[in-house]
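Descriptive structure summary
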Amino acid sequence: MIDRAGLRTRQVLGVPIAAITLSEAVDQVEAAIAARRNLQIGVVNAAKLVNMRRDPELRADVLACDLVLADGMAVVWASRVLGCELPERVAGIDLMFGMLARGSVRGYRIFCLGATPEVLGRALAVFARDYPGVVIAGSHHGYFAEPEEAAVAAQIDAAEADILIVAMTSPRKEQFIARWGGSLGVTVCHGVGGSL
């Protein structure tokens, strides 16, 4: 099966998961940025697959992503048992570091959304130290109320970032990306949960 990004997918418990490696996922990010093609990335582990069966909104939000990746080894093992083998685990945090490494070479503009102000500040300092070619286009902590979402989305849009890293818990990050991802002026949206 082929997904919206033109990649091979495997159906694991009714979810089309891209049958690609971490390196190929980073290449997809680079290609999307080069073409200015919107790419919303979702990741699933065993717990999220279970929660998607119980929560139709979460399921719809994940399935609305252009690229869904196997964040947990249990998903890769399940793919093998079910006869629809995935090549490897592509953890959200590993993809984030891969995007930052590639971004340091290419000069990507990154917006970080999520975590507490203190954790966010420390993460941005690490990014600046370890990935000096990355431009931190903006940031906002993840502790804002729903009525503030539009203002946060406007701040992200104004930053003109290539990549939005959303470091909020599930299902909040999926909801934010589903609701705002297509209108943020950001090419790549990637939910990384508690990775920061």
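Structure's up top.
Conventions and cut-offs
- Residues numbered from 1 in each chain as written.
- Predicted model: local features only at pLDDT ≥ 70, side-chain atom pairs only at ≥ 80, totals over all residues.
- Heavy atoms only, no water.
- Axes fitted to C-alpha atoms, helices over the stretch in contact; angles between N-to-C directions.
- Helix = DSSP H or I, 4+ residues; strand = E, 2+ residues; numbered from the N terminus.
- Parallel < 35°, antiparallel > 145°, perpendicular 65-115°, else oblique.
- Left-handed = near helix turned anticlockwise from the far one by under 90°.
- Contact = heavy atoms within 4.5 Å.
- Nonpolar A, V, L, I, M, F, W, Y, C, P; charged D, E, K, R; others polar.
- Buried < 20%, exposed > 50% of the residue type's maximum accessible area, 1.4 Å probe, protein only.
- Pairing = 2+ DSSP bridges.
- Right-handed = clockwise from strand over helix to strand, strands pointing away.
- Phe/Tyr/Trp six-rings, centres within 6.5 Å; stacked < 30°, edge-to-face > 60°.
- Lys NZ or Arg CZ within 6 Å of the ring centre and 35° of its normal.
- Arc of directions from axis to C-beta.
- Disulfide = S-S within 2.5 Å.

A separate point is the packing of helix H7 (residues 149-159) against helix H8 (residues 172-180). Look at H7 against H8: their axes get within 12 Å of each other, and the N-to-C directions meet at 70°. When the axes of H7 and H8 are compared, the pair comes out roughly perpendicular. The two elements H7 and H8 meet at a crossing, and its hand is right-handed. On H8, the residues touching Glu 149, Ala 150, Val 152, Ala 153 and Ile 156 of H7 are Phe 176, Arg 179 and Trp 180. Looking at side-chain class alone, the contact of H7 with H8 contains 6 nonpolar, no polar and 2 charged residues.

This brings us to the pairing of strand E3 (residues 39-44). Burial analysis of E3 places 6 of its 6 residues in the buried class, the great majority of the element. Both faces of E3 are covered, namely the face carrying Leu 39, Ile 41 and Val 43 and the face carrying Gln 40, Gly 42 and Val 44. Pairing of E3 with strand E8 (residues 188-191), which is carried by 3 bridges, proceeds in the parallel orientation. Along E8, the bridge assignment pairs Ile 41 with His 190. Where E3 meets strand E4 (residues 67-70), 4 bridges bridge the pair, whose relative direction is parallel. In the strand pairing of E4, Ile 41 is matched with Leu 67.

A few words on the pairing of strand E7 (residues 163-167). With 5 of 5 residues buried, E7 is to be regarded as a mostly interior element. Residues Ile 163, Ile 165 and Ala 167 of E7 are buried on one face, and the alternating residues Leu 164 and Val 166, pointing to the opposite face, are buried as well. Pairing analysis gives 5 bridges linking strand E5 (residues 109-114) to E7, with the strands arranged parallel. Looking at the pairing, Cys 112 lines up with Ile 165 of E7. Traced from E7 through H8 to E8, the parallel crossover comes out right-handed.

A few words on the packing of aromatic side chains. Applying the stated criterion to the full structure yields 1 aromatic pair. Each ring, one from Phe 144 and one from Phe 176, has its centre 6.2 Å from the other, and the planes form 70°; the classification is edge-to-face. Linking Phe 144 in the loop between strand E6 (135-140) and H7 with Phe 176 in helix H8, this pair joins segments that are 32 residues apart in sequence. The same class applies to Phe 144 as to Phe 176, namely buried. Taking the ring centre of Phe 144 as reference, the NZ or CZ of Arg 172 above it sits at 4.5 Å.

Regarding H7, the residues found buried are Glu 149, Val 152, Ala 153, Ile 156 and Ala 159. End-on, the buried residues of H7 take up no more than an arc of 120°, which puts them together on one face. The exposed residues of H7 that point more than 90 degrees off its buried face are Ala 151 and Ala 158. Buried residues along H7 sit against E5, E6, E7 and H8. A positive backbone phi angle near 55° is found at Glu 160, which sits one or two residues after H7.

Okay, the packing of helix H1 (residues 22-35) against helix H5 (residues 92-106) next. At a closest axis distance of 10 Å, the pairing of H1 and H5 adopts a crossing angle of 50°. Put simply, H1 runs oblique to H5. Seen from above, H1 lies across H5 with right-handed handedness. Across from Leu 22, Ser 23, Ala 25, Val 26, Asp 27, Val 29 and Glu 30 in H1, the residues of H5 making contact are Asp 94, Leu 95, Gly 98, Met 99, Arg 102 and Arg 106.

Moving on: the state of the cysteines. All chains considered together, the criterion is met by 0 disulfides. No disulfide involves Cys 112; its nearest neighbouring cysteine sulfur is the one of Cys 189, lying 13 Å away. For Cys 189, a relative accessible area of 0% puts it in the buried group.

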